[in-house]
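# Summary of structural features
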Amino acid sequence: MHTHRLELEDATLREWDATVLHVDPEQGLVLDRSAFYPGGGGQPPDLGVLLWGGVQTRIEGARKGDDLYLVPAEGDPVPPPGTAVRGAVDDARRFALMRTHSAMHLLCGVVSRDYAVPVTGGSMDELTGRMDFALESLPDGFLDTVQQACLVEVAADRAIEVSEVPRSEAVVKTAIDLLPEGLEVVRIVDIVGLDRQADGGTHVASTSQIGEMRLLKTENKGKGFRRIRFALG
Ligand SMILES: [Zn+2]
């Protein structure tokens, strides 16, 4: 890929300068520098705008192919290659997705720690998420107990740290975010003392930023699988 991924280094960045490298009429446009999270690991892509010479191009999605392509809104003017643009990510959506993604990891950490069961899947959208666990049956008071433990971990304000380690040193327990083939360096997201995963997403800086977290219900997803749904306030 030719795009420098700014959001992987600084999840708080919302505006930046960039140059258009390439425009593909089918796939979208490629910037030299971008903070648009393109989606992955369960986290949906960012939305936002490119501003150039008094013109606005709305960005309605992104896709990863041989490059990181930003998808302009249909009918919006597209800046040609070489154009200097100002990029901006929709802050409300991104912050909601960061809080939700971090809540997913927190929930994973709590259930793994307290019930010693693996996570088998999950997905999220703005302020809602669901996570599946390999649980044969639910212990009495399961949802209330997990809810209380989540509140404790949010209030504990644990740091959420991002680092990169060589693949050979990446000892992770995750079943959520599978490591792509051929990846030499693995990005680790660590809720210090609770949960450590290989992950390419964007996260808040500490668990208190997740804010109000309500577990809504459990669902039986067939033999040996249980799902928890949650929402953030
Ligand atoms: Zn994740």
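Computed from a predicted structure; not experimentally measured.

On to the domain arrangement of the protein, then. The domain boundaries assigned to the protein delineate domain 1 (16-89) and domain 2 (100-232). One C-alpha centre belongs to domain 1, the other to domain 2, and the line joining them spans 30 Å. On the side of domain 2, 12 residues touch domain 1, which itself brings six residues to the contact. Looking at side-chain class alone, the side of domain 1 that touches domain 2 contains two nonpolar, four polar and no charged residues.

The next point concerns the sheet that holds strand β14 (residues 213-220). Two pairing modes exist for strands in a sheet, parallel and antiparallel, and in both the strands are linked by backbone hydrogen bonds. Spatially, four strands are ordered β9-β10-β15-β14 in an open sheet, and the strand pairing comes out antiparallel. The open sheet is flanked by β9 (119-125) and β14, the only strands paired with a single partner. Strand-to-strand twist across the sheet, computed as the mean angle between neighbouring axes with direction ignored, equals 15 degrees. Sheet topology places β14 next to strand β15 (residues 226-232); seven bridges connect them, and they run antiparallel. Bridge assignment links Lys217 to a residue of β15, and that residue is Arg229.

Here Asp24 shows up in strand β2 (residues 15-24). On the basis of neighbour count, Asp24 is assigned to the exposed category, with 12 C-beta atoms found within 10 Å. Separated by 46 residues in the primary sequence, Asp24 and Leu70 have C-alpha atoms spaced 9.9 Å apart.

Before going further, it helps to examine helix α2 (residues 91-115). End to end, α2 covers 36 Å across 25 residues, agreeing with the expected 36 Å (1.5 Å per residue, within 8%). Just downstream of α2, Ala116 is the residue with a positive phi angle, here 50 degrees.

Even without a glycine there, the phi angle at Ala116 is positive, about 50 degrees. Judged by C-beta crowding, with 7 C-beta atoms within 10 Å, Ala116 ranks as exposed.

Time to look at the sheet that holds strand β11 (residues 160-166). As summarised here, the arrangement of the three strands in space is β11-β12-β13, forming an open sheet in which the pairing is antiparallel. The two strands at the open ends of the sheet, each matched to only one other strand, are β11 and β13 (195-198). Within this sheet the neighbouring strands show an average axis-to-axis angle of 25 degrees, counted without direction. Inspection of the sheet shows β11 paired to strand β12 (residues 185-191) by seven bridges, in the antiparallel sense. Residue pairing across strands places Glu164 opposite Arg187, the latter belonging to β12. Its contacts with the sheet put α2 on β11, β12 and β13, and the angle it makes with β13 is roughly 120 degrees.

Next up on the list: the pairing of β12. Two elements, β12 and β13, share four bridges in a ladder whose sense is antiparallel. Its bridge partner being in β13, Ile188 is matched across the sheet by Ala198.

Turning to its location among the elements, Leu97 is positioned in helix α2. Leu97 gets classed as buried once you count the C-beta atoms within 10 Å, which come to 25. The sequence separation of Leu97 and Asp46 amounts to 51 residues, and the corresponding C-alpha distance is 8.9 Å. Apart from the residues within four sequence positions on either side, Leu97 is in contact with Gln43, Pro44 and Glu126.

The rules we used
Residues numbered from 1 in each chain as written. Predicted model: local features only at pLDDT ≥ 70, side-chain atom pairs only at ≥ 80, totals over all residues. Domains from an automatic or database assignment. Contact = placed C-beta atoms within 7 Å. Nonpolar A, V, L, I, M, F, W, Y, C, P; charged D, E, K, R; others polar. Pairing = 2+ DSSP bridges. Helix = DSSP H or I, 4+ residues; strand = E, 2+ residues; numbered from the N terminus. Axes fitted to C-alpha atoms, helices over the stretch in contact; angles between N-to-C directions. Buried ≥ 20, exposed ≤ 12 C-beta atoms within 10 Å, placed from the backbone. Expected span 1.5 Å × (residues − 1).

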